[in-house]
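Listed below, chain by chain, are the residues.
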Amino acid sequence: MGLFGFDSPEEKAKKAAKKMALDNFPVYFTAAVDFDYEIIHGGIYSWCINNSFEKAHNYVLDQIKESAFNMGADALIDVKFSIAEGNNNCMEGTVNPYSVVHATGVAVKVHKK
């Protein structure tokens, strides 16, 4: 991080490249996969998110993509998630809208032919 907490040009370029990679990170359903792959990681994720439904949706998809990307995966397969308006066990007493998110996904490394 640069002086006074500002990113250096190199750090800005690195963050921009990562954002572009995540924006274009592929997500497939098993039925549509026509390539060989190796499973790197499969996971179950849960979050309480103090946001609207749409922001919660975008947040969870971004988090799953970033997690897979950071593990060296080339794609995600069978990403599924449910988003529900909050419950009494999550962020109790807040006046802001919040969501409870449960998600699954399989990070894979694609075998090139």
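Attention in this report is confined to the structure presented alongside it. (Residues numbered from 1 in each chain as written. Predicted model: local features only at pLDDT ≥ 70, side-chain atom pairs only at ≥ 80, totals over all residues. Heavy atoms only, no water.)

We now examine the packing of aromatic side chains. Tallying each qualifying case throughout the model produces 3 aromatic pairs. Taken together, a centroid distance of 6.4 Å and an interplanar angle of 80 degrees make the contact between Phe25 and Phe69 edge-to-face. A residue pair is termed long-range when its members are at least 10 positions apart, and Phe25 in the loop between α1 (9-23) and β1 (27-28) and Phe69 in helix α2 (residues 53-70) qualify at 44 residues. For Phe69, a relative accessible area of 30% gives the class partly exposed. Connected via pairs of aromatic rings, a cluster forms that spans Tyr28, Phe35 and Tyr37. (Phe/Tyr/Trp six-rings, centres within 6.5 Å; stacked < 30°, edge-to-face > 60°. Helix = DSSP H or I, 4+ residues; strand = E, 2+ residues; numbered from the N terminus. Buried < 20%, exposed > 50% of the residue type's maximum accessible area, 1.4 Å probe, protein only.)

This next bit is on the environment of Phe53. Here Phe53 is to be found in helix α2. Discounting residues that sit within four places of it in the chain, Phe53 has contacts with Ile83, Glu85 and Ser99. (Contact = heavy atoms within 4.5 Å.)

Take the packing of α1 against α2 next. One way to put it is that α1 packs onto α2 with a least axis distance of 10 Å and a crossing angle of 110 degrees. Classified by the interaxial angle, the pair formed by α1 and α2 is roughly perpendicular. In the packing of α1 onto α2, the handedness of the crossing is right-handed. Residues Lys18, Ala21, Leu22 and Asp23 of α1 form the contact with α2, whose own contacting residues are Lys65, Glu66, Phe69 and Asn70. (Axes fitted to C-alpha atoms, helices over the stretch in contact; angles between N-to-C directions. Parallel < 35°, antiparallel > 145°, perpendicular 65-115°, else oblique. Left-handed = near helix turned anticlockwise from the far one by under 90°.)

A word on the environment of Pro26. Relative to the helices and strands, Pro26 is located in the loop between α1 and β1. Through-space distance from the C-alpha of Pro26 to that of Leu76 is 6.3 Å; in sequence the pair is 50 residues apart. Setting aside chain neighbours within four positions, we find Pro26 in contact with Asp74, Ala75 and Leu76.

Strand order in this open sheet of 4 strands is β1-β3-β4-β2, and the pairing throughout is mixed. Looking at the sheet topology across the chains shown, the edges are occupied by β1 and β2 (37-49). As paired elements, β2 and strand β4 (residues 99-110) share 12 bridges and run antiparallel to each other. Bridged to Gly43 within β4 is Gly105. Its contacts with the sheet put α2 on β1, β2, β3 (75-85) and β4, and the angle it makes with β3 is roughly 150 degrees. (Pairing = 2+ DSSP bridges.)

Each turn of an α-helix holds 3.6 residues, which means side chains three or four residues apart point in the same direction. Taking 1.5 Å as the rise per residue, α2 with 18 residues should run 26 Å; its terminal C-alpha atoms sit 26 Å apart, in good agreement. Of the positions making up α2, those classed as buried are Ala56, Val60, Ile64, Lys65 and Ala68. Projected down its long axis, α2 shows its buried positions confined to an angular sector of 160 degrees, all on one face. For α2, the exposed residues set more than 90 degrees away from the buried face come down to Glu54 and Lys55. On its buried face, α2 sits against α1, β1, β2, β3 and β4. Of the residues flanking the end of α2, it is Gly72, one or two places downstream, whose phi is positive at about 90 degrees. (Expected span 1.5 Å × (residues − 1). Arc of directions from axis to C-beta.)

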